[in-house]
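Residue-level structural notes
Chain by chain, the residues run as shown.
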Amino acid sequence: YRTLDEYIEAVCPHFFEGIAARCMSTVNGNTNPLLMVDGFEVQNFDSIDLHDVIAVEIITDSRVAGYGVRGANGVALVTTKASQNANKKYRDRH
């Protein structure tokens, strides 16, 4: 895969198409899934290098409730090497 979006679309077809493909509810007409990188919400994955990605988790079931209204159309959780390195440094100090 050349991009993270391509990878996600391959493992979860129609993820970025919103409500029409997944039959989920919308709020204020927003059908976009919630995109999270290392615990922070992002608008897209354009700046994420696929080689820096450690894990991708796609949530489209009842667990989206944990993300509130923004997660109603699905959630993509991405963990990068930078996050893993930061967590290791924190653990080493404490």
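Think of each chain on its own: its residues are numbered from 1, step by step along the sequence as written. pLDDT decides what is reported in this predicted model: residues at 70 or higher carry local features, side-chain atom pairs at 80 or more are listed and counted, and totals for whole chains, interfaces and linings draw on all residues regardless. For side-chain calculations, the full set of non-hydrogen atoms in the structure is used, while hydrogens and water are omitted.

**Side note on the overall build of the chain**
- Secondary structure summary: the chain contains three helices and four strands in total.
- Contacts were defined at the residue level, with two residues in contact if any of their heavy atoms lie within 4.5 Å. A fraction of 60% describes how many contacts in the chain between residues 6 or more apart in sequence connect residues 24 or more apart.
- Residue-level accessible areas treat just the shown protein chains as cover; the underlying method is Shrake-Rupley with a 1.4 Å probe. Working note: accessible area of the chain is about 6200 Å², and carbon and sulfur atoms make up 51% of it. Comment: elements are numbered from the N terminus, with helices defined as DSSP H or I runs of at least four residues and strands as E runs of at least two.

**Quick word on the nonpolar core**
- Residues belong to a common nonpolar core when they are buried Ala, Val, Leu, Ile, Met, Phe, Trp, Tyr or Cys residues joined through side-chain atoms within 4.5 Å. Think of it in three bands: with a 1.4 Å probe and only protein chains considered, a residue is buried below 20% of the maximum accessible area for its type, exposed above 50%, and partly exposed in between. Among the nonpolar cores identified, the biggest contains eleven residues, and these are Leu4, Ile8, Cys12, Phe15, Leu35, Val37, Phe45, Ile48, Val53, Ala76 and Val78.
- Only α1 (4-11), β1 (34-37) and β4 (75-80) provide two or more residues apiece to this core.
- Core analysis: the second largest hydrophobic core is formed by six residues, Leu34, Ile59, Val64 and Val75 among them.

**Describing the pattern of salt bridges**
- Basic side-chain nitrogens of Lys or Arg form a salt bridge, by our definition, when they fall within 4 Å of a carboxyl oxygen of Asp or Glu. Taken as a whole and judged by the stated rule, the model has four salt bridges.
- In this structure, glutamate 6 and arginine 2 form a salt bridge, with 3.0 Å as the shortest nitrogen-oxygen distance.
- On the basis of relative accessibility, which here comes to 29%, the residue glutamate 6 falls in the partly exposed class.
- Among the salt bridges present, the one from glutamate 57 reaches arginine 63, with a minimum N-O distance of 2.9 Å.
- Because the salt bridges share partners, they merge into one network encompassing Glu57, Asp61 and Arg63.

**Observations regarding the sheet that holds strand β2 (residues 40-42)**
- Between any two strands, pairing holds if DSSP finds at least two bridges. An order of β2-β1-β4-β3 is seen for the four strands of this open sheet, with the pairing classed as mixed. Two strands bound the open sheet, and with one partner strand each, they are β2 and β3 (53-59). Between one strand axis and the next, the sheet turns through 25° on average, direction left out of account.
- In this structure, β3 lies alongside β4, joined through six bridges in antiparallel fashion. Paired with isoleucine 59 across the strands is valine 75, a residue of β4.
- Lines fitted to the C-alpha atoms define the axes, with helices restricted to the stretch that makes contact. Angles between their N-to-C directions range from 0 to 180 degrees. In the packing of α1 onto the sheet, the strands contacted are β3 and β4, and the crossing angle to β3 comes to about 45°.

**Thoughts on the side chain of threonine 80**
- Tracing the backbone through its elements, the reader meets threonine 80 in strand β4.
- Only 2.4 Å separates the side chain of threonine 80 from the side chain of aspartate 38, close enough to count as a polar contact.
- Every residue in contact with threonine 80, bar those within four places of it in the chain, is listed here: Val37, Asp38, Asp52, Val53 and Ile54. Polar contacts here mean pairs of N or O atoms no more than 3.5 Å apart (in protein, one a potential hydrogen donor and the other a potential acceptor; neighbouring residues in sequence count only if both atoms are side-chain atoms).

These results come straight from atomic positions and should not be treated as a statement about function.
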